[in-house]
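Structural overview
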4 protein chains.
Amino acid sequence: MTAAFPADVATGECVPPVRTGTPVRTARGYAAGKADYLTRLRKVEGQVRGLQKMIENDTWCPDVVTQIGAITGALQEVAVGLVSDHLRHCVASALRAPGTGGEQAIDEVTGTIRQVIRL
Amino acid sequence: MTAAFPADVATGECVPPVRTGTPVRTARGYAAGKADYLTRLRKVEGQVRGLQKMIENDTWCPDVVTQIGAITGALQEVAVGLVSDHLRHCVASALRAPGTGGEQAIDEVTGTIRQVIRL
Amino acid sequence: MTAAFPADVATGECVPPVRTGTPVRTARGYAAGKADYLTRLRKVEGQVRGLQKMIENDTWCPDVVTQIGAITGALQEVAVGLVSDHLRHCVASALRAPGTGGEQAIDEVTGTIRQVIRL
Amino acid sequence: MTAAFPADVATGECVPPVRTGTPVRTARGYAAGKADYLTRLRKVEGQVRGLQKMIENDTWCPDVVTQIGAITGALQEVAVGLVSDHLRHCVASALRAPGTGGEQAIDEVTGTIRQVIRL
């Protein structure tokens, strides 16, 4: 599923994962927001633990469902943020590089957007 | 937001929460599936922790977003299950009881469905 | 897909469709709101025609997509309204009738809610 | 809401709309797929008219809702296609042009993705 398109060699942040050979660990397009994403995901983790407490404590069902809606929204916000970062860094550098990597990067991000919508 | 509609007094499982006075803890419509919901939510919690690991390890953005799509889907499955249980127990007993509690129960569950869709 | 559950024989509004034999045309749970739903759907039809005009006139892509979001939302509002009417009439009468029709009605409406979420 | 970012002057297809002054009508990023989008939207229009017929004919509510789910899905497919075309043409040319237009284009398309998700 992961396309191999020309990467921003200067920063290395957009080298897509290689499924074979020695994986190269590089920074990603979301590098600058990493701490913020981690904070938000830790909050989501706490909310999912909170859901379990609600079920254990026999909370009124509509109140549990309302909380699930809030968590789903928070996760989708993270997803949209990641897609935006990805466009700003990896897709942008693929588009600026010579060759057809930009096309592939856009095909891949289109598939990613479909995942967010669950289409 | 929580409607006060006639409850299944026999089982007590559908007594809505009282915001004032002494709260009565009762079983809920999802009582029979409680263990299953908790198992699924613990799995979701693990997946959210996995997301944090992915971000920490600089995972390729589209792969992170795909995983968010999977988690969102799992949470929505839980929400639909809870709504279905709620219809089967609390809304059903409110509809069978005399009075206008059934109407209120349906108004409330309609609002709950809107939360699931995030409408 | 359509369950055959006990109907509100008095009003006939909740007799589910029969796939074989002579179909009986009856009023439905949304009968009281029929004119309103038709008005809203005619507006949606006009909006979809407007989308075609936007494409023909080479409208800026984000503006077209924003309009699609509005139409999708309007359709989901209609869907939630229909589900609510269905609960209030057909599911309610199935639940009040003796037998297991209520269970079947709730199974069916759960499937319907999944369609609205596109789960 | 519409950003004014550097356009692909060569083709003119990505000149964003100007709210004041003489509007310039140009081809858009979805130009190549225009006929296909119009065909799909005409089909959606027919489906919305079909929905009205279903309501007029007192169709079983879950069947109407299932059809709404199908239409919503078709509209979201169009939206994702338009976003993909927009990335491929207008965002790409803005990113390749000198200046900060690429940033603005990505901010705008991020907002557009949020509209598709109805976030």
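These numbers come from a predicted model, not from an experiment.

Cut-offs and rules
Residues numbered from 1 in each chain as written. Chains lettered and ligands numbered in written order. Predicted model: local features only at pLDDT ≥ 70, side-chain atom pairs only at ≥ 80, totals over all residues. Heavy atoms only, no water. Helix = DSSP H or I, 4+ residues; strand = E, 2+ residues; numbered from the N terminus. Buried < 20%, exposed > 50% of the residue type's maximum accessible area, 1.4 Å probe, protein only. Contact = heavy atoms within 4.5 Å. Areas by Shrake-Rupley, 256 points an atom, 1.4 Å probe, with all protein chains shown as cover. Axes fitted to C-alpha atoms, helices over the stretch in contact; angles between N-to-C directions. Parallel < 35°, antiparallel > 145°, perpendicular 65-115°, else oblique. Left-handed = near helix turned anticlockwise from the far one by under 90°. Least-squares fit on C-alpha atoms with pLDDT ≥ 70 in both. Phe/Tyr/Trp six-rings, centres within 6.5 Å; stacked < 30°, edge-to-face > 60°. Core = buried A, V, L, I, M, F, W, Y, C linked by side-chain atoms within 4.5 Å. Buried area = accessible area lost by both parts, 1.4 Å probe. Salt bridge = Lys/Arg side-chain N within 4 Å of Asp/Glu carboxyl O. Polar contact = N/O pair within 3.5 Å; in protein donor to acceptor, adjacent residues only side chain to side chain. pLDDT = per-residue confidence, 0-100. Expected span 1.5 Å × (residues − 1).

**Regarding the overall build of chain A**
Of regular secondary structure, chain A possesses 3 helices and 0 strands. Along chain A, helices (α) and strands (β) appear in the sequence α-α-α when read from the amino end. Taking all 119 residues of chain A together, the buried fraction comes to 56%. Expressed as a percentage of contacts within chain A between residues at least 6 apart in sequence, the contacts between residues at least 24 apart total 50%. Accessible surface, chain A as shown: approximately 4,900 Å² in total, 55% of it carbon and sulfur.

**Section: the packing of helix α3 (residues 101-117) of chain B against helix α2 (residues 61-96) of chain C**
The N-to-C vectors of α3(B) and α2(C) enclose an angle of 150 degrees; their axes lie 10 Å apart at closest approach. By the criterion of interaxial angle, the relationship of α3(B) to α2(C) is roughly antiparallel. For the element pair α3(B) and α2(C), the recorded crossing hand is right-handed. From α3(B), B:E103, B:I106, B:D107, B:V109, B:T110, B:I113, B:R114 and B:I117 reach across to α2(C), where they touch C:Q76, C:E77, C:V80, C:V83, C:S84, C:L87 and C:R88.

**Let's talk about the relation of the copies chain A and chain B**
Rotating chain A by 180 degrees and moving it 0.0 Å along the rotation axis overlays it on chain B with an RMSD of 0.0 Å. Seen this way, the second copy is the image of the first under a two-fold rotation axis. Both copies present the same face, since 100% of the interface residues in chain A are matched by interface residues at the equivalent positions in chain B.

**Examining the packing of aromatic side chains**
All names here are of chain B. Taken as a whole and judged by the stated rule, the model has 4 aromatic pairs over all chains. Aromatic side chains Y30 and Y37 sit 6.5 Å apart centroid to centroid with 90 degrees between the ring planes, which places their arrangement in the edge-to-face category. The class for Y30 is buried, based on a relative accessible area of 1%. Of the residues examined, Y37 reaches a relative accessible area of 5% and is grouped as buried.

**Some points on unusual backbone geometry**
Not every positive phi belongs to a glycine, and B:R118 is a case in point at roughly 55 degrees. For B:R118, the location among the structural elements is in the segment after α3.

**Comments concerning the nonpolar core**
In this structure, A:L82, B:L82, C:L82 and D:L82 are the most contacted members of the largest nonpolar core, which totals 122 residues. Discounting residues that sit within four places of it in the chain, A:L82 has contacts with A:Y30, A:Y37, B:I55, B:C61, B:V64, B:V65 and B:I68.

**Considering the interface of chain A and chain B**
In this assembly, 56 residues from chain A lie in contact with 56 residues from chain B. With both sides pooled, the region where chain A packs onto chain B buries about 4,800 Å², and carbon together with sulfur makes up 68% of that total. For the chain A face of the interface with chain B, the top three residues by lost area are A:I55, A:D58 and A:W60, together amounting to 17%. At the junction of chain A and chain B, the tally comes to 4 salt bridges. Across the salt bridge formed by B:D58 and A:K34, the nearest N and O atoms sit 2.7 Å from each other. Applying the counting rule to chain A against chain B returns 18 residue pairs in polar contact (both at pLDDT 80 or more). Taken together, the elements giving at least two residues each to the side of chain A that touches chain B come down to α1 (34-56), α2 (61-96) and α3 (101-117) of chain A. Top element by residues in the side of chain A that touches chain B is α2(A). It accounts for 20 residues.

**Concerning the environment of A:V109**
Structurally, A:V109 is set in helix α3. Residues A:V109 and A:L87, spaced 22 residues apart in sequence, show a C-alpha to C-alpha distance of 7.9 Å. Excluding residues within four positions of it along the chain, A:V109 makes contact with A:V83, A:H86, A:L87, A:V91 and D:L87.

**Describing the confidence of the model for chain A**
All names here are of chain A. Averaged over all residues, the pLDDT of chain A is 85; the fraction at 70 or higher stands at 80%. Within chain A, α3 has the poorest average pLDDT of any element, 93, and α1 the best, 97. Here residues 1-10 is a poorly scored stretch, pLDDT under 50, and it has 35 contacts once near neighbours within four places are set aside; other chains count. Scored as a whole, the predicted complex attains pTM 0.85, and scored at its interfaces, ipTM 0.84.

**Notes on the pattern of salt bridges**
By the definition in use, this model includes 28 salt bridges over all chains. The closest approach of N and O atoms between B:E45 and B:R49, which form a salt bridge, is 2.9 Å. You can see B:E45 and its partner B:R49 sitting in helix α1 (residues 34-56), 4 residues apart, about one turn around the helix. For B:E45, a relative accessible area of 8% puts it in the buried group. By relative accessible area, which is 40% here, B:R49 ends up partly exposed. Among the ionic pairs, B:E77 bridges to C:R114, the shortest N-O distance being 2.7 Å. In this pair, B:E77 sits in helix α2 (residues 61-96) while C:R114 sits in helix α3 (residues 101-117), so the two residues belong to two different chains. B:E77 sits in the partly exposed class, given a relative accessible area of 28%. Salt bridges here are not isolated pairs; linked through shared partners, they connect A:E45, A:R49, B:E45 and B:R49.

**Remarks on α3(B)**
Residues and elements named next belong to chain B. The end-to-end C-alpha distance of α3, which contains 17 residues, comes to 25 Å, matching closely the 24 Å that a straight helix rising 1.5 Å per residue would cover. Along α3, the residues that are buried comprise G101, G102, A105, I106, E108, V109, T110, T112, I113, V116 and I117. A positive phi of about 55 degrees marks R118, the residue just after α3.

**Considerations on α1(B)**
Three or four residues apart is the spacing at which side chains of an α-helix point the same way, because the helix has 3.6 residues per turn. For α1(B), spanning 23 residues, the distance from its first C-alpha to its last is 33 Å, which sits close to the expected 33 Å at 1.5 Å a residue. For α1(B), every residue scored as buried is listed here: B:Y37, B:L38, B:L41, B:V44, B:E45, B:Q47, B:V48, B:L51, B:Q52 and B:I55. Against α1 and α2 of chain A together with α2 of chain B lie the buried residues of α1(B). Phi for B:D58, located one or two positions after α1(B), is positive at around 55 degrees.

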